[in-house]
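Summary of structural features
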Protein chains: 2
Amino acid sequence: MILAIDGMGGDHAPKSTVKGAVDAVKEYGITVMITGDQEVLSKELQQYDYDKEKIEIIHCSEKIENEDPPVKAIRRKKDSSMVVALNLVKEGRAEAVISAGNTGALLAGGLFVLGRIKGIDRPALAPVFPHENGASVLIDGGANTECKGKNLLQFGVMGSLYSEHILGVKSPKVSLVNVGEEKGKGNELTKEAYDLLEESDLNFTGNMEARDLPRGKTDVIVCDGFTGNIILKLTEGVFMTVFDLLKEKFTKSFMTKMAAGILKPELRQIKKDYDYTEHGGAPFLGVQGVLIKAHGSSDGKAVKNALRQGKRFAENKIVDKIQESLGN
Amino acid sequence: MILAIDGMGGDHAPKSTVKGAVDAVKEYGITVMITGDQEVLSKELQQYDYDKEKIEIIHCSEKIENEDPPVKAIRRKKDSSMVVALNLVKEGRAEAVISAGNTGALLAGGLFVLGRIKGIDRPALAPVFPHENGASVLIDGGANTECKGKNLLQFGVMGSLYSEHILGVKSPKVSLVNVGEEKGKGNELTKEAYDLLEESDLNFTGNMEARDLPRGKTDVIVCDGFTGNIILKLTEGVFMTVFDLLKEKFTKSFMTKMAAGILKPELRQIKKDYDYTEHGGAPFLGVQGVLIKAHGSSDGKAVKNALRQGKRFAENKIVDKIQESLGN
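Going by the annotation in an unreviewed UniProt entry, the name recorded for chain A is Phosphate acyltransferase, with Isachenkonia alkalipeptolytica given as the source organism. Recorded under Subunit (unreviewed entry), the UniProt text for chain A is reproduced unchanged: "Homodimer. Probably interacts with PlsY." Listed under Sequence similarities (unreviewed entry) in UniProt, the entry text for chain A is "Belongs to the PlsX family."

Below, the structure is given as structure tokens:
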């Protein structure tokens, strides 16, 4: 299986992308096409011992920066590492594409280069949301700040297929984020979405209050992209704040330092379990191809994990499954 | 100063409301009118030693239940403890009203009985949001799930007055919850609200991502009531989950139990600092009178705190200040 990676995308590229590609090739037996400046990438690659047949550099002259306006960047920088990587999937030369670059540009690129699946009005980001007993799929994680009820229904369909075929959950529970559990609660959007989800073939379990999200009572968390962004970032912020406070309190005296030392491995484990960046990238579901958005701060390991995720999505033919479920 | 309390409202009423009233009378030198069943309330009151001149029971024959549909309950149960308490403020017999009863009914009652301040289209709930360095005011905490830009501007005005006159913050920083920090980010609502807040006389500091909310970088957090509900409940949920996880991990072995024992007071302090129910009730700002919504699970102490809060709002003539700021 051949996967493409935007070699210049991400805060730590090309170090992270090259390292991730080399390790993924070794561990998953895939072939990787890495896009970017030939000279820069070759130099990075020279550090490693790897099967030369399995990594190919696709040279390009441009790079999309984090500050670039997304749509303009995709339209103008045709020879950027991101656009070239997307084209590899469009042309059928690679089965999935991974990028840790400018999120807005990548989503715009997904829409313009790959195009939407027929029947999906708004493709959506589907990161995992870690919880007590594992992880749910959250969709939309931030691609669409303005949504209609039918978009949320489609998010539910795509999220359910992801949960079932990639995470192995049988008949995934799909829940709608809302301000109360009873039907009829919420704003116009959630009321409309509730009715559509209820009428669908999904295993829709109704509304879920934000309080219960970290409890892991559901498999697929459906919300608009504005709400999804708030949920992901607030969870991260509260976690970071609690751990900073613990650190502060625990270093107050000799005794508390001693005690904290004993508990350190436990604390580290909790932190790790809940760090959504540890869970690889977020697929952009609803476009005609497998596209994985890796976190901007991804290191080599995160890039490797995103490649593994891309491989799984491609193997499981998730795009075909979305098409089938829509009767295309 | 005379304050009214819905004697039958809340999960622990009338025990909590009577205890709270008795303690508030002693500590704050106020007079309390408590509404509800004369017989039930008298019986509760008999347990305490207090100044008989300072607590008056206003008998009423009905009670609004948590399951009652809000608007219908307010319209039909005219002799309920909640409606009678609201009327005490409307008639000028009390300067503030506190209730821990059915939230929806209380908000509807605030609108119907007290009425809106001229120039405020949507009154809003303004709970405090605890953070590292104290607490911000969050507005709207859940009264309006559907908002327009001008509503958010008015929330900013009311929240700023609250922060300045009740919490003593000079020139409070007002921030808009959004998916990115730059101007132009977000959905139609936040874009519209951004422009209005920027043009206003408020100390508007721009957008704030949800990640930064627990960091306490702002004094007034402005958002629609749907988003406000998500923020409050998710923060609560993540906190509770982290503490449950800590408890679980810390009781794994003899050593971790010992260590956790030493750290217990610190953990308890963090938990308490961040528990927004500890910070009293949430004022419903924008109605013609001081109305404090206490948490449904309020005990005597929480009711007492809510009464103190009502007293402060009344003393500081917050309703007049909102009117003045609108040029009424």
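So much for the structure itself; the text now carries on.
1. Concerning the pattern of salt bridges
Here the structure, examined in full by the defined rule, presents 30 salt bridges over all chains. Between Lys15(A) and Glu44(A) there is a salt bridge whose closest N-O contact spans 3.6 Å. With Lys15(A) in helix α1 (residues 15-28) and Glu44(A) in helix α2 (residues 38-45), this pair connects stretches of sequence that are 29 residues apart. Salt bridges here are not isolated pairs; linked through shared partners, they connect Glu209(A), Arg211(A), Lys233(B) and Glu236(B).

2. Regarding the packing of aromatic side chains
To describe a pair of aromatic rings, one takes the distance between the centres and the angle between the planes. All names here are of chain A. All told, the structure shown has 6 aromatic pairs over all chains when counted by the stated rule. Between Phe 239 and Phe 243, the ring centres sit 6.2 Å apart and the planes meet at 10°, which makes this aromatic pair stacked. Highlighted residues: Phe 239 and Phe 243, both in helix α8 (residues 225-250), separated by 4 residues, approximately one helical turn. Of the two residues, Phe 239 and Phe 243, neither departs from the other in class, the shared state being buried. If you follow Lys 52 out to its NZ or CZ, it ends over the ring of Tyr 50, 4.2 Å from the centre. Seen from the ring of Phe 112, Arg 75 lies directly overhead, with NZ or CZ sitting 4.7 Å from the centre.

3. Quick notes on the packing of helix α8 (residues 225-250) of chain B against helix α9 (residues 254-273) of chain B
Residues and elements named next belong to chain B. The contact between α8 and α9 brings their axes to 10 Å, and the two run at 165°. On the basis of their axis angle, the class for α8 and α9 is roughly antiparallel. When the axes of α8 and α9 are compared, the crossing they make is left-handed. Counted together, Phe 239, Phe 243, Leu 246, Lys 249 and Phe 250 of α8 and Thr 256, Lys 257, Ala 260, Leu 267, Ile 270 and Lys 271 of α9 form the full contact between these two elements. The residue makeup of the contact of α8 with α9, split by class, is 7 nonpolar, 1 polar and 3 charged.

4. Details of the interface of chain A and chain B
Interface size is commonly expressed as the accessible surface area that is lost when the partners come together. Each partner contributes to the interface: chain A provides 48 residues, whereas chain B provides 48 residues. Of the roughly 4800 Å² buried where chain A meets chain B, counting both sides, 72% is carbon and sulfur surface. When residues of chain A are sorted by the area they lose upon contact with chain B, Arg211(A), Phe226(A) and Leu234(A) head the list and together hold 14% of the total. Scanning the region where chain A abuts chain B turns up 6 salt bridges. Between Glu236(B) and Arg211(A) there is a salt bridge, with the nearest N and O atoms lying 3.1 Å from each other. Taken together, chain A and chain B are joined by 12 residue pairs in polar contact (both at pLDDT 80 or more). Sorting the residues of the side of chain A that touches chain B by element identifies α7 (188-199), α8 and α9 (254-273) of chain A as the ones contributing at least two each. The element contributing the most residues to the side of chain A that touches chain B is α8(A), with 20 residues. Partitioned by chemical class, the residues of the side of chain A that touches chain B number 24 nonpolar, 12 polar and 12 charged.

What counts, and where the lines are drawn
- Residues numbered from 1 in each chain as written.
- Chains lettered and ligands numbered in written order.
- Predicted model: local features only at pLDDT ≥ 70, side-chain atom pairs only at ≥ 80, totals over all residues.
- Heavy atoms only, no water.
- UniProt positions renumbered as here; feature names shortened; annotations may be inferred.
- Salt bridge = Lys/Arg side-chain N within 4 Å of Asp/Glu carboxyl O.
- Helix = DSSP H or I, 4+ residues; strand = E, 2+ residues; numbered from the N terminus.
- Phe/Tyr/Trp six-rings, centres within 6.5 Å; stacked < 30°, edge-to-face > 60°.
- Buried < 20%, exposed > 50% of the residue type's maximum accessible area, 1.4 Å probe, protein only.
- Lys NZ or Arg CZ within 6 Å of the ring centre and 35° of its normal.
- Axes fitted to C-alpha atoms, helices over the stretch in contact; angles between N-to-C directions.
- Parallel < 35°, antiparallel > 145°, perpendicular 65-115°, else oblique.
- Left-handed = near helix turned anticlockwise from the far one by under 90°.
- Contact = heavy atoms within 4.5 Å.
- Nonpolar A, V, L, I, M, F, W, Y, C, P; charged D, E, K, R; others polar.
- Buried area = accessible area lost by both parts, 1.4 Å probe.
- Polar contact = N/O pair within 3.5 Å; in protein donor to acceptor, adjacent residues only side chain to side chain.

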